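Residues per chain, in single letters:
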Amino acid sequence: MATLTCNACNKEFIDDSEQKLHYKSDWHRYNLKRKEIWGEQGQAALEKASICLLNCGPTGSETLKSLVLGGVGSITVIDGSKVELGGLGNNFLVDESSIGQSKAKCVCASLQELNDAVKAKFIEEYPETLIETNPSFFSQFTLVIATQLVEDSMIKLDRICREANVMLIFARSYGLTGFVRISLKEHTVIESKLDHFLDDLRLNNPWPELRSVAVGFYILLRAVDRFAANYNSFPGQFDGFRRKRWGDFWFHSATFSVVDAFRSSSC
């Protein structure tokens, strides 16, 4: 049974070697970075979210890919079309082996490979049909992302999601242009975060070795202050002394003055 875990990635390990190897991975560094951006509460909300994507073309696939890499809880891909040769150049989640197969199935499988912790499923059906025949289906999701829908379907879906209090995002692309519309009743940010903050680096309970170094450094500073008061200069700037011999070594005589001041300060 795995006992070692990574809280940033929600991953378990068999032994410490596997855990250390994971800490060096790009995936672990990515998770650490994204948690710094939207915090623990935002990450927890993302992991609980259930996302529904309507039409998994280039726009929808790219949007869902970012959410899957971010660690969303679950995704449901809805698309009734098949993968065609012309779609290989604008959707990196499908390849030549996907031609003729269900687009929803292929995209869902590719997204699952990006993050196997995300629960993923697909429904091979056209979104317009689902909106007309089963409007209650969308009430189970936290967010619905509808891409490349016509205006009549957008209006009907907006009414359904508002009645179910489900957030809705419309996205449509036309080559290098497009639009994004967000439809929801109300959105409130409860836990706001400051843009800048200062870390408190003070130690209220230092360990003995640190305390010893700090006390010695404090005494040395007092000695230097006393030296400066007596000679109107700091030891490194004072040139009124000659070298003195101590045993087999020669020292600047200012060193002896600092030592004397240190002794008197410590008494």
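In this numbering scheme, every chain counts its residues from 1 along its sequence in written order. Residue-level local features of this predicted model are given only where pLDDT is at least 70; pairs of side-chain atoms are given and counted only at 80 or more, and the full residue set underlies all totals for whole chains, interfaces and linings. The side-chain numbers reported here are obtained from all heavy atoms of the structure, hydrogens and water having been left aside.

One recurring pattern in soluble globular proteins is that nonpolar side chains are buried together. Put simply, buried Ala, Val, Leu, Ile, Met, Phe, Trp, Tyr and Cys residues joined by side-chain atoms within 4.5 Å make one nonpolar core. When accessible area is computed with a 1.4 Å probe and restricted to protein chains, residues below 20% of their type maximum are described as buried, those above 50% as exposed, and intermediate ones as partly exposed. Residues Ile51, Leu64, Val72, Ile75 and Leu111 are the most contacted members of the largest nonpolar core, which totals 21 residues. Helix and strand definitions here come from DSSP, where helices need a minimum of 4 consecutive H or I residues and strands a minimum of 2 consecutive E residues; each element is numbered from the N-terminal end. Mapped by element, the contributors of at least two residues to this core are β3 (50–54), α3 (58–70), β4 (74–78), α4 (103–114) and β6 (143–147). Residues Ile78, Phe137, Phe138 and Ile160 belong to the second largest nonpolar core, which totals 18 residues.

It is worth spelling out the side chain of Asn55 at this point. Relative to the helices and strands, Asn55 is located in the loop between β3 and α3. Exposure remark for Asn55: the relative accessible area of 12% places this residue in the buried category. Throughout, a contact is declared for two residues whenever any of their heavy atoms are within 4.5 Å. Aside from chain neighbours lying at most four places away, what touches Asn55 is Gly60, Ile78, Asp79, Pro127, Thr147, Gln148 and Leu149.

Another aspect to go through is the packing of α3 against α4. For every element, the axis is a line fit to its C-alpha atoms; helices are fit only across the contacting stretch, and the angle between N-to-C directions ranges from 0 to 180 degrees. Contact pair α3 / α4: the axes reach a minimum separation of 9 Å and the direction vectors enclose 30 degrees. Considered as vectors, α3 and α4 are oriented roughly parallel to each other. Regarding α3 and α4, the two cross each other, and that crossing is right-handed. Counting all contacts with α3, which are made through Ser61, Leu64, Lys65, Val68 and Leu69, the residues of α4 involved are Val107, Leu111 and Leu114. Partitioned by chemical class, the residues of the contact of α3 with α4 number six nonpolar, one polar and one charged. Roughly parallel means an angle under 35 degrees; roughly antiparallel, over 145; roughly perpendicular, 65 to 115; everything else is oblique. The handedness criterion is simple: a crossing whose near helix is rotated anticlockwise from the far helix by less than a right angle is left-handed, and one whose near helix is rotated clockwise is right-handed. Three classes are used, and their members are as follows: Ala, Val, Leu, Ile, Met, Phe, Trp, Tyr, Cys and Pro are nonpolar, Asp, Glu, Lys and Arg are charged, and the others, Gly among them, are polar.

Let us look at the packing of aromatic side chains. Within 6.5 Å between ring centres, the rings of Phe, Tyr and Trp (the latter by its six-membered ring) count as paired, and their orientation is classed by plane angle as stacked under 30 degrees, edge-to-face over 60, tilted in between. Scanning the model with the defined rule gives two aromatic pairs in all. Summarising the aromatic geometry, the rings of Phe137 and Phe138 are spaced 5.5 Å apart at their centres and angled 80 degrees between planes, so their arrangement reads as edge-to-face. Members of the aromatic cluster, connected to one another through ring pairs, are Phe137, Phe138 and Phe141.

As a further point, take the environment of Glu186. Inspection of the secondary structure assignment puts Glu186 in the loop between β8 (177–183) and α7 (208–231). What makes Glu186 exposed here is its relative accessible area of 66%. Separated by 19 residues in sequence, Glu186 and Met167 have C-alpha atoms that sit 9.3 Å apart.

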